[in-house]
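Next come the chains, spelled out residue by residue.
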Amino acid sequence: MAVDSLIEGVAALAAKWWPTFVGALVSMRFQPPESTRIDRAFSAASGVGLSMFASPAIVDWAGVTSVPVAQGIGGAVALFGLIVVAEIIAGIKGIEAPKLLRDFVRKLLRLDP
């Protein structure tokens, strides 16, 4: 009996969030070429998380009552959210943030380079 309710719960979750995962998977192709597997995994998780957080708010704000349209909004938010997160990560790597932070701390503590 418990297995049936578990299967029903998983099926309900999959039915609600499949566009989010599909949007994230589609946008993996459009990530910067220098992205590593960890960068891609982080971007995918961030895109899905952003979609799960922002999609219901957008649907409520827009007054959408159609389930397919709401799912399409979820997929679109995941698609574009993942691409934005990937570009932010590439930008952080491009400015060499760890080196800048190290230099800032050294200057703050008045340490010799």
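*Asks:* Which parts of the structure should I look at to understand the overall build of the chain?
*Replies:* Across its full length, the chain holds four helices and zero strands. Mapped in sequence order, the helices and strands of the chain form the string α-α-α-α. In summary, the chain has a C-alpha radius of gyration of 20 Å against a globular reference of 13 Å for 113 residues, an excess of more than 25%. Principal-axis analysis of the C-alpha atoms places the extent of the chain at approximately 65 × 35 × 25 Å. Counting the 113 residues in the chain, one finds 27% classified as buried. Put simply, 73% of the contacts in the chain that link residues at least 6 apart link residues at least 24 apart. A distance of 10 Å separates the average location of the 10 positive side-chain charges in the chain from that of its 9 negative side-chain charges.

*Asks:* When you look at a nonpolar patch on the surface in this model, what are you seeing that I'm missing?
*Replies:* Residues Leu101, Phe104, Val105, Leu108, Leu109 and Leu111 make up a contiguous nonpolar surface patch of roughly 610 Å² in combined accessible area. Among the secondary structure elements, phenylalanine 104 is positioned in helix 4 (residues 97-109).

*Asks:* Would you mind showing me how to read the confidence of the model for the chain here?
*Replies:* Any segment with low pLDDT has predicted coordinates that should not be analysed in fine detail. Per-residue confidence for the chain averages 79 on the pLDDT scale, and 91% of its residues sit at or above 70. When mean pLDDT is taken per element in the chain, helix 4 scores highest with 85 and helix 1 (residues 2-27) scores lowest with 71.

*Asks:* What is the right way to look at the environment of alanine 41 in this model?
*Replies:* Mapped onto the fold, alanine 41 is located in helix 2 (residues 37-62). Look at alanine 41 and you get partly exposed, because its relative accessible area is 45%. In this structure, the C-alpha to C-alpha distance between alanine 41 and methionine 28, residues 13 residues apart in sequence, is 9.2 Å.

*Asks:* Teacher, can you tell me more about helix 2 here?
*Replies:* Within an α-helix, residues lying three or four positions from one another point in the same direction, as the helix has 3.6 residues per turn. Between its first and last C-alpha, helix 2 extends 36 Å over 26 residues, near the 38 Å set by a 1.5 Å rise per residue. Along helix 2, the sharpest change in direction is near 30 degrees and occurs at alanine 54; proline proline 56 comes one to four residues later. Taken as a whole, helix 2 has its buried residues at Asp39, Ser43, Ala44, Gly47, Val48, Ser51, Ala54, Ser55 and Val59. The positive-phi residue at the C-terminal boundary of helix 2 is glycine 63, with phi of around 75 degrees.

Scoring rules and cut-offs
- Residues numbered from 1 in each chain as written.
- Predicted model: local features only at pLDDT ≥ 70, side-chain atom pairs only at ≥ 80, totals over all residues.
- Heavy atoms only, no water.
- Helix = DSSP H or I, 4+ residues; strand = E, 2+ residues; numbered from the N terminus.
- Rg over C-alpha atoms; globule rule 2.2 N^0.38 Å.
- Buried < 20%, exposed > 50% of the residue type's maximum accessible area, 1.4 Å probe, protein only.
- Contact = heavy atoms within 4.5 Å.
- Lys, Arg positive; Asp, Glu negative; His and termini not counted.
- Charge placed at Lys NZ, Arg CZ, Asp CG, Glu CD.
- Patch = residues over 30% accessible without salt bridge, like charges linked within 9 Å, V, L, I, M, F, W, Y side chains within 5 Å.
- Areas by Shrake-Rupley, 256 points an atom, 1.4 Å probe, with all protein chains shown as cover.
- Salt bridge = Lys/Arg side-chain N within 4 Å of Asp/Glu carboxyl O.
- pLDDT = per-residue confidence, 0-100.
- Expected span 1.5 Å × (residues − 1).
- Bend = angle between axes of the 7 residues up to and from the residue.

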